[in-house]
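One letter stands for each residue in the lines below.
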Amino acid sequence: MTNTTRNSMPSATLEPVTTTPTAPETYGRRWRRVPRELGFHAPTILVVSVAFIVLTTLFSTATSLIAIVVGIFVLTVTMWVARYFGEVELTRLDWVGMPPIARPRRQQPGPGFWSRFLTPLADPHAWVYFIHGTVVNFVVGIVTWSVVLTWVAGSLGGLTYWFWSAFLPQDDFSLSEVIVSFLTRGAVTVDGRAAESIMNLLFGFVFLVTLPYVTRGLARLHHVIARAMLGAWRSEDLAERVTNLSASREAAVSAEGHSLRRLERDIHDGPQQRLVRIQMDLAAAERKLATDPDAARALIAEARLRSQEALDELRALSRGFAPPILLDRGLVAALESLASRSALPVAVTSAIDEAVELPQEIERNAYFVASELVANAAKHSRATSVDVVVSMRRLPEPDEWWLDVTVTDDGRGGASSVAGHGLAGLDERLRGLGGTLELNSPAGGPTVVTGHLPVTY
């Protein structure tokens, strides 16, 4: 089996991200959303009423029993139920097609039963959910449901008034007749029944035309309130980013220290020992040069051979960090060179467009990940072949590009990340760069390890 390079995967071109202006929403698209929006508004009165009744009942029960321990238990249950009703509202908004709202993280309980059980009482989000279910959403839900009901009833009733008004008892008073007479100062008289039908038809048409705007606008009102009260707060997002940055910095420092210690160990065990042996051979050759020239020449020849071995070993060590071909010809060429030197047959597959220019730091770390994974497969997996795949993908929501380096071997599997060993070191290195390491190695193989690196310029 020989090393091969394949380019069968579809190319993914990395291009500058440009903001495409959003096309204006057509009236027809607004109407296509009306059935779902009506499905959101129709049960709103039931949802908010049940939430109000259940939460107020539980809370009043808890406050009345607060003097005894039972009230604390009921209050905790109230917070859990409030969280449930909040999740129901968020799910309804997701279903109607509103932008997703980031859920707040639940406060982590401490050790012990009481700490775990009473955690909701110390969670500010639980109290905000309670206020949302008992006050805000109850009032807003009744108002929005009433408006939507008025609009739907006005549309249907106005457009069909001409039909069902014939079954109503006749009345001498006609509002439309009075309005026409007032506007024309008595110059024009109209038939009361016909005028009523025309006026209701006009009102029904206006209600019907504006119905998509009303249903969408009121759904957005629910969304704005939910995002403010039921979503994660910006301070939490900032705290999470600070925590992630701190973890990434610690991982980067740890990975760098691990790499330096490994380099020091490799130099000490390899080239340094060879250089010491060369020094000893040259000293012995110098002593024998006058008395035994043949033995001196043999020692010099052996020293030259050892110097070549030391030089090759130093070059091999340097390739693990930034081989010259990586700087000159890029990541794919460097991986092909790595495949040609591997003890196992390695197939390199590139799904990156040739026109893409990756930052040198990203290429260097991607090469390091691939070389380490290939070396681990050769040493520990008992594999007969290795596949290396490099590809790029774009996450549209945060508008980011990621480089994925996937190494697959057909070995025995069962690989795991152990502190202080190769995979754990790679994981630390990637986390220090803001990336992740994904490991899938069931017993019996195959082992698939993917390094995800964010591409930043």
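Above: the structure in question.
About the criteria used
Residues numbered from 1 in each chain as written. Predicted model: local features only at pLDDT ≥ 70, side-chain atom pairs only at ≥ 80, totals over all residues. Heavy atoms only, no water. Helix = DSSP H or I, 4+ residues; strand = E, 2+ residues; numbered from the N terminus. Buried < 20%, exposed > 50% of the residue type's maximum accessible area, 1.4 Å probe, protein only. Contact = heavy atoms within 4.5 Å. Areas by Shrake-Rupley, 256 points an atom, 1.4 Å probe, with all protein chains shown as cover. Core = buried A, V, L, I, M, F, W, Y, C linked by side-chain atoms within 4.5 Å. Axes fitted to C-alpha atoms, helices over the stretch in contact; angles between N-to-C directions. Parallel < 35°, antiparallel > 145°, perpendicular 65-115°, else oblique. Left-handed = near helix turned anticlockwise from the far one by under 90°. Nonpolar A, V, L, I, M, F, W, Y, C, P; charged D, E, K, R; others polar. Phe/Tyr/Trp six-rings, centres within 6.5 Å; stacked < 30°, edge-to-face > 60°. Lys NZ or Arg CZ within 6 Å of the ring centre and 35° of its normal. Patch = residues over 30% accessible without salt bridge, like charges linked within 9 Å, V, L, I, M, F, W, Y side chains within 5 Å. Salt bridge = Lys/Arg side-chain N within 4 Å of Asp/Glu carboxyl O. Expected span 1.5 Å × (residues − 1). Pairing = 2+ DSSP bridges. Polar contact = N/O pair within 3.5 Å; in protein donor to acceptor, adjacent residues only side chain to side chain.

Peer 1: Please clarify how the overall build of the chain should be interpreted in this entry.
Peer 2: Within the chain, the regular secondary structure consists of 15 helices and six strands. Here the chain, with 457 residues, has 36% of them falling under the buried criterion. Once local pairs closer than 6 in sequence are excluded, the contacts in the chain between residues at least 24 apart make up 74%. Accessible surface, the chain as shown: approximately 26,900 Å² in total, 63% of it carbon and sulfur.

Peer 1: Explain the nonpolar core here, please?
Peer 2: The nonpolar side chains of soluble globular proteins are, as a tendency, buried together. Judged by nonpolar contacts, the single largest core of 37 residues is most densely connected at Leu331, Leu335, Leu358, Val386, Val388, Met392 and Leu403. In terms of nonpolar packing, the next biggest core, distinct from the first, is built from 21 residues, Leu55, Val81, Met98 and Ala226 among them.

Peer 1: Which parts of the structure should I look at to understand the packing of helix 2 (residues 44-64) against helix 3 (residues 69-95)?
Peer 2: When two helices pack together, you describe them by how their axes are tilted relative to each other and by the distance separating the axes. Packing of helix 2 against helix 3 leaves a shortest axis separation of 8 Å and a crossing angle of 165°. Viewed along their axes, helix 2 and helix 3 adopt a mutual orientation that is roughly antiparallel. Regarding helix 2 and helix 3, the two cross each other, and that crossing is left-handed. Across the interface between the two elements, Thr44, Val47, Val50, Ala51, Val54, Leu55, Leu58, Phe59, Thr61 and Ala62 of helix 2 pack against Gly71, Val74, Leu75, Thr78, Val81, Ala82, Phe85, Val88 and Arg92 of helix 3. Of the residues in the contact of helix 2 with helix 3, the class split is 14 nonpolar, four polar and one charged.

Peer 1: Can you help me understand the packing of aromatic side chains in this one?
Peer 2: Describing an aromatic ring pair means giving the distance of the ring centres and the angle of the ring planes. Scanning the model with the defined rule gives six aromatic pairs in all. Seen in terms of ring centroids, Phe59 and Phe130 are 4.9 Å apart; in terms of plane orientation they differ by 40°. Their pairing is tilted. A residue pair is termed long-range when its members are at least 10 positions apart, and Phe59 in helix 2 and Phe130 in helix 5 (residues 124-159) qualify at 71 residues. For Phe59, a relative accessible area of 29% puts it in the partly exposed group. Consider the rings of Trp127 and Phe130, whose centres lie 6.4 Å apart with planes at 80°: the pair is edge-to-face. Highlighted residues: Trp127 and Phe130, both in helix 5, separated by three residues, approximately one helical turn. Put simply, the rings of Phe59, Trp127 and Phe130 touch in pairs and so form one group of aromatic residues. The ring of Tyr129 has Arg83 sitting right over it, with the charged end atom 5.0 Å from the ring centre. Across from the ring centre of Phe40, 4.1 Å away, lies the NZ or CZ of Arg92, which sits over that ring.

Peer 1: Looking at this structure, I do not really get a nonpolar patch on the surface. What am I missing?
Peer 2: A contiguous nonpolar surface patch, about 330 Å² in accessible area, is contributed by Ile131, Val135, Val139 and Val143. For Val139, the location among the structural elements is in helix 5.

Peer 1: Where do I start with the pattern of salt bridges in this structure?
Peer 2: Where charged atoms of side chains with opposite charge meet at close range, the side chains can pair. Tallied over the full model, the rule gives eight salt bridges. Of the charged contacts in the structure, one is a salt bridge between Arg103 and Glu87, with a shortest N-O distance of 3.6 Å. On the criterion of sequence distance, the pair formed by Arg103 in the loop between helix 3 and helix 4 (113-122) and Glu87 in helix 3 is long-range, its members being 16 residues apart. One salt-bridge network, in which partners are shared between bridges, spans Arg33, Glu37 and Arg216.

Peer 1: Please explain helix 3 as it appears in this structure.
Peer 2: Think of an α-helix as 3.6 residues a turn; residues three or four steps apart then line up on the same face. Here helix 3 contains 27 residues, and its C-alpha end-to-end distance of 40 Å stays within 8% of the 39 Å for a straight helix at 1.5 Å per residue. Positive backbone phi, approximately 100°, marks Gly97, located one or two places after helix 3.

Peer 1: Would you mind showing me how to read the pairing of strand 4 (residues 400-409) here?
Peer 2: Looking along a regular strand, one sees the side chains alternate between the two faces of the sheet. The buried fraction of strand 4 is high, at eight of 10 residues. With 10 bridges connecting them, strand 3 (residues 386-395) and strand 4 associate as antiparallel partners. Looking at the pairing, Arg394 lines up with Trp401 of strand 4. The pairing of strand 4 with strand 6 (residues 447-455) spans nine bridges and is classified as antiparallel. Among the inter-strand pairings, Leu403 is bridged to a residue of strand 6, identified as Leu453.

Peer 1: Whenever I open this one, the side chain of His223 confuses me. Can you help?
Peer 2: On the secondary structure map, His223 appears in helix 8 (residues 192-229). Reaching out from His223, the side chain makes a polar contact with the backbone oxygen of Pro99 at a distance of 2.9 Å. Setting aside residues up to four positions removed in sequence, His223 forms contacts with Leu93, Met98, Pro99 and Ile101.

Peer 1: Honestly, the environment of Leu55 in this entry has me stumped. Any pointers?
Peer 2: Along the chain, the position of Leu55 falls in helix 2. Between the C-alpha atoms of Leu55 and Ala82, which are 27 residues apart in sequence, the distance is 6.8 Å. Not counting chain neighbours up to four residues away, the residues in contact with Leu55 comprise Thr78, Val81, Ala82, Phe85, Phe130, Gly133 and Thr134.

Peer 1: What's the story with the environment of Leu430 in this structure? I'm lost.
Peer 2: Examined against the element boundaries, Leu430 turns out to sit in helix 15 (residues 422-432). Residue classification places Leu430 among the buried residues on the basis of a relative accessible area of 1%. Expressed as a C-alpha distance, the spacing of Leu430 and Val369, which sit 61 residues apart in the sequence, is 8.7 Å. Apart from residues lying up to four places away in sequence, Leu430 is in contact with Val369, Gly435, Thr436, Leu437, Gly451, His452 and Leu453.

Peer 1: Could you clarify how one ought to interpret the packing of helix 1 (residues 27-41) against helix 3 in this entry?
Peer 2: Between helix 1 and helix 3, whose axes approach to 10 Å, the crossing angle comes to 165°. With respect to helix 3, the element helix 1 is oriented roughly antiparallel. The interaxial crossing formed by helix 1 with helix 3 has left-handed handedness. Packed against helix 1, whose contacting residues are Arg36, Gly39 and Phe40, the element helix 3 presents Glu89, Arg92, Leu93 and Trp95 at the interface. Across the contact of helix 1 with helix 3, the residue classes tally to three nonpolar, one polar and three charged.

Peer 1: How should I be thinking about the side chain of Arg33 in this particular structure?
Peer 2: One can find Arg33 in helix 1. Once residues within four sequence positions are removed from consideration, Arg33 is found in contact with Glu25 and Arg216.

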